[in-house]
Amino acid sequence: MKKIVVFVGVDKSESSTLHYIREVLKEVNKKVEIDVSYYTQKSLKLELCKGCCQCFYTHKCNLDQIDHMDLLKKEMLEADFVILGSPVYLHNVSGSMKNFIDRLSYWSHIFALRGKNGMVVSSADSNGGRLVVDYLERVMAFFGCPVVASANIFSVYNYDDGLIEEHAEKIVDSLKCPIKSNKIIDAIYITLKKIMECRAERENDVEYQYWKKNHFFDVGSFETLIK
Ligand SMILES: Cc1cc2nc3c(=O)[nH]c(=O)nc-3n(C[C@H](O)[C@H](O)[C@H](O)COP(=O)(O)O)c2cc1C
């Protein structure tokens, strides 16, 4: 049984983004047994990031004690595959998706989703979807998670892009044999490694210690790290 976690940045029950993801996963379920958890801003209590930066220094967020972010993080870390979806709000992700990403920003320094693959989905009435999926793909890359399927759906096509089965196939392949890295992740790894190496002097640097403990400095590429 493979575990899939979905977060969609909407604060309502009826969502075309969510509907499309359910359709893709229905197809996946025909080939691989999956256990899917769906989360949205509506189904969870997620406080707004306060901008204190403590997560970067301590890998802890005080807000996690008063809302559901800890549960969501645990779910994603335990998952085999992660899906992020957002409606297009003026050529960007929705506010709830952006806040979700802000709350996870420190994961971008530690490749927290390494070893997993993901999918990103945007839904628009007519325009701006490409910007949203490109951004979500980049965020996933910073989390160390190669995106194997990317959907950009529009109401003008009744949200059916004709690619549901194709996306499902890619997810099935990835569940059987996850892709380890891609060009963006490789580049992020090389840059971050240089930054982290400069921090060796700082004894109590949580991020540097994390990199050391997890052997991030011992390899030449992100792909080797995952292997
Ligand atoms: C605040 C707001 C801004 C929006 N901006 C855009 C936009 O820039 N381009 C567009 O095509 N649709 C835009 N839309 C429409 C939604 O992206 C579209 O209805 C989408 O399919 C909703 O997805 P959902 O059903 O998952 O919420 C906007 C909607 C809202 C509420």
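In this text the structure is predicted, and so the values were computed from the model without any measurement.

J.: Lay out the pattern of salt bridges with the relevant residues and their values.
T.: Close approach of charged atoms allows side chains with opposite charge to pair. The full count for this structure, using the stated rule, is 15 salt bridges. One salt bridge connects Arg130 with Asp134, and the closest N-O pair in it is separated by 3.1 Å. Of this pair, Arg130 and Asp134 are both found in helix H5 (residues 129–142), four residues apart, which corresponds to roughly one turn of the helix. Of the residues examined, Arg130 reaches a relative accessible area of 44% and is grouped as partly exposed. Note that Asp205 is salt-bridged to Arg202, the shortest N-O span being 3.6 Å. Using a relative accessible area of 8% as the deciding quantity, one classes Asp205 as buried. Each of Asp64, Asp67, Lys73 and Arg103 takes part in a single network of salt bridges with overlapping partners.

J.: Please set out the pairing of strand E2 (residues 34–40) residue by residue, giving values where relevant.
T.: By the bridge criterion, seven bridges tie strand E1 (residues 2–8) to E2 in an arrangement that is parallel. Each bridged residue has a counterpart across the sheet, and for Val5 the counterpart in E2 is Ser37. The parallel pair E1 and E2 is bridged by helix H1 (residues 16–31), and the resulting crossover is right-handed.

J.: So what about the site of the ligand? Which residues, and what values?
T.: The immediate surroundings of the ligand are formed by 16 residues, with Ser15, Thr17, Val88, Ser123 and Ser126 found nearest. The contact in question runs from an oxygen atom of the ligand to an N or O atom on the backbone of His91, over 3.3 Å. Ser126 has a polar backbone atom sitting 2.7 Å from an oxygen atom of the ligand. Considered on its own, the ligand offers 650 Å² of accessible surface; in the complex 72% of this is hidden by protein. Those elements that provide at least two residues to the shell around the ligand are H1 and strand E4 (117–124). Tallied by class, the residues present in the shell around the ligand amount to seven nonpolar, seven polar and two charged.

Cut-offs used in this document
Position labels on residues start from 1 in each chain and follow its written sequence. Per-residue local features of the predicted model are confined to residues with pLDDT of at least 70, and side-chain atom pairs are confined, for both listing and counting, to 80 or more; whole-chain, interface and lining totals are unaffected and use all residues. The side-chain numbers reported here are obtained from all heavy atoms of the structure, hydrogens and water having been left aside. Throughout this description, the term salt bridge denotes a Lys or Arg side-chain nitrogen within 4 Å of a carboxyl oxygen of Asp or Glu. The helix and strand labels rest on DSSP assignments: H or I over at least four residues marks a helix, E over at least two residues marks a strand, and numbering proceeds from the N terminus. Accessibility here uses a 1.4 Å probe with only protein chains present; expressed as a share of the type maximum, an area under 20% marks a residue as buried, one over 50% as exposed, and anything in between as partly exposed. Only strands joined by at least two bridges in the DSSP assignment are considered to pair. Handedness rule for crossovers: strands pointing away from the viewer, path from the first strand over the helix to the second running clockwise, crossover right-handed. Any residue with a heavy atom lying within 4 Å of a molecule or strand is counted as near it. Here a polar contact means two N or O atoms within 3.5 Å. Within protein one must be a hydrogen donor candidate and the other an acceptor candidate, and residues neighboring in sequence count only if both atoms are side-chain atoms. Each accessible area is a Shrake-Rupley estimate made with a 1.4 Å probe; only the visible protein chains count as cover when residues are assessed. The classification used treats Ala, Val, Leu, Ile, Met, Phe, Trp, Tyr, Cys and Pro as nonpolar, Asp, Glu, Lys and Arg as charged, and all other residues, Gly among them, as polar.

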